Amino acid sequence: MAAVYRIMSSSAATGMPSGYALRLLIDPHANQVPRHRPRMDGQSRPRPVAQTTLHGAGVRSGPRSSDGGNHPAGTIVVVGDVHNRARVGGLLHACGYVVHAAQDQREALEIVRQRTPDVVISDAGSAGAELCARLRDDPLARFVPVVLIGDRNEEARLLGIEAVATDVLCTPVCSGELIQKVRSLIRLKRYTDDLDSADTILATLARTIEARDPYTAGHCDRMTQYAGIFGTHLGLASDEVVALRRGGVLHDLGKVALPDAILLKAGPLTSAEPDVMKRHTQIGEHLCQDLKTLRLVRPIIRQHHERLDGSGYPDGISGEDVSLLAQMVGIVDAYDALTTVRPYRAAQGPEAACHVLAHEAEIGWRRRDLVSEFIRLCQIGALHYPLGPPPIG
Ligand SMILES: [Fe+2]
C-alpha cells in the first residue's frame, strides 16, 4: 500500500504554536514512499527507497535515475526547521534526488553557490523570503526555483511573492503534489540551464582571445571586477550590474573573428587594418543577437568604443545615444588598457591613467561625472585587483 505523506504546520500537529515550522505526517499504516507510475515511454522513474532521517546539515545521495543515464534525478536544498529538513529531505531523497540539508539561510546560500541545485525548498515567512531575495540578487543563483512552504498566513505568502519565490505552498501539502512540483520545476530549469550554457560558451569564446594574446592576460577578469564595482558604486539595478560584469567578459568577443596578423600585430597597423579591427564591435554584437539573456549586454559590445562627441566607432553616435552601460565599460576598458603593458609601450600607473581619462572627459569623449566617479574609486583603492574570485554573472 502506498504511503500517504502530508505536510502540515507543527501547530496543527502538536497543538503548539510554532510559526511556520513544518511537520511531515506519515500515514501510520504505510511505510513506503509512493511508487511512481510507469512512464508511457517505457522508461521507469527513479526507484523509491526507504525513507531516511537527516540529522542537521548534510547530504543524502538518492538512487540514480534509471532513464538510461548515470545521473541523479536532480539536486535539492532543503532549509529550515529540522523536522522539515528531515522529512521533506527524506521524501525527496527516496524519490531519487540528491538532497542537501541546510540549517539556516547562511548555510543554504553557501550550499547553493557550491552545488548549484535544481530547487531550493524553505520554510515560508521572513527567513524564507529573505533567502529567496538573496538568491534572486545572486547572478549565479537567480534562476534556481525556490519553493516556500508555510501555513495559511497571508503576510508570509505575500512576502514570498514579493521575494519572487517560484511557488508558495500552503500546508497541508500532499506529498504527491510536492514531488510533482519539484519534478516540473527541474524540467523547467533544464531549459534555463541550456540558455546559461549558451551564455557560458560565448564567455569561453571571449576568453580564447586572451589566450591568443599574452598581453591581454587577465583582461576579462579585471574588466568583470572593475565594471561590477563601478556599477554597484553608482547604485545601478542588479540586472544592470550583471550586464556590466558580462560586458566585461564579452565586450571584445568579436575579436575572435580577427586574424592573428592584425590582432597580435606589434607594429603600427596599415591604413586598412584599423577598419578591420573596428569590426569587432559589430561582429561581437552579431554573435550574441539570439540570446535574450544578453539583451542588456549587446549595446555594451557594440558601443564600448563610441564617444560622446560622435568621434567613436562603429556608428559614430553621440550623447545619450551611447548607452550608459557602454560608456561605463568604455571607461573601464580604457583604464585597464592604460594600466597594463603592451608590446609597444609600458604600463602606466593608476594615477597617470586617471589623468588620461580626465583629459578625455575634458575634450568631450566621456561623461565627466562618470569619469569623476571612476577616478574616485581608483583613489580609494576600490579597484585594487585581485579582490577575490571574479564570478561571471
Ligand atoms: Fe573593444
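Residues numbered from 1 in each chain as written. Predicted model: local features only at pLDDT ≥ 70, side-chain atom pairs only at ≥ 80, totals over all residues.

Asker: Go over the packing of helix α7 (residues 219–233) against helix α15 (residues 368–379), please, and point to the residues and values.
Answerer: Closest axis-to-axis distance for the α7/α15 pair is 11 Å, and the angle between their directions is 115 degrees. As the angle between them shows, α7 and α15 are arranged roughly perpendicular. The hand of the α7/α15 crossing is right-handed. Each of Ile-229, Phe-230 and His-233 in α7 lies in contact with α15, whose residues at this interface are Glu-373, Phe-374 and Leu-377. Broken down by class, the residue content of the contact of α7 with α15 amounts to four nonpolar, one polar and one charged. (Axes fitted to C-alpha atoms, helices over the stretch in contact; angles between N-to-C directions. Helix = DSSP H or I, 4+ residues; strand = E, 2+ residues; numbered from the N terminus. Parallel < 35°, antiparallel > 145°, perpendicular 65-115°, else oblique. Left-handed = near helix turned anticlockwise from the far one by under 90°. Contact = placed C-beta atoms within 7 Å. Nonpolar A, V, L, I, M, F, W, Y, C, P; charged D, E, K, R; others polar.)

Asker: Please set out the confidence of the model for the chain residue by residue, giving values where relevant.
Answerer: Scored by pLDDT, the chain has a mean of 78; 79% of the residues are at 70 or more. At the level of individual helices and strands, the chain shows its lowest average pLDDT in helix α1 (residues 10–14), which scores 32, and its highest in helix α12 (residues 298–303), which scores 97. Within the model, the stretch residues 1–70 combines pLDDT values under 50 with 141 contacts to residues more than four positions away or in other chains. Low pLDDT, under 50, characterises residues 386–393; the stretch is placed with 16 contacts to residues that sit more than four places away or in other chains. (pLDDT = per-residue confidence, 0-100.)

Asker: Run through helix α4 (residues 126–137), naming residues and quoting values.
Answerer: Its twelve residues place the ends of α4 16 Å apart at the C-alpha level, agreeing with the 16 Å of an ideal helix rising 1.5 Å per residue. All of the buried residues along α4 are Gly-128, Ala-129, Leu-131, Cys-132 and Leu-135. In an axial view of α4, the angular spread of the buried residues amounts to 160 degrees, which keeps them on one side of the axis. Looking at the buried side of α4, the elements it contacts are β4 (75–79), α3 (105–115), β6 (119–123), β7 (146–150) and α5 (154–162). (Expected span 1.5 Å × (residues − 1). Buried ≥ 20, exposed ≤ 12 C-beta atoms within 10 Å, placed from the backbone. Arc of directions from axis to C-beta.)

Asker: Residue-level account of unusual backbone geometry, with values.
Answerer: Omega for the bond connecting Thr-171 with Pro-172 falls within 30 degrees of zero, at 0 degrees, which places this linkage in the cis form. Along the chain, Pro-172 falls in the loop between β8 (167–170) and β9 (173–174). Phi at Thr-116 is positive, roughly 40 degrees, even though this residue is not glycine. Tracing the sequence through the fold places Thr-116 in the loop between α3 and β6. The class for Thr-116 is partly exposed, based on 15 C-beta atoms found within 10 Å. Despite not being glycine, Val-164 shows a phi value in the positive range, around 60 degrees. Structurally, the position occupied by Val-164 is in the loop between α5 and β8. On the neighbour-count criterion, Val-164 (13 C-beta atoms within 10 Å) is partly exposed.

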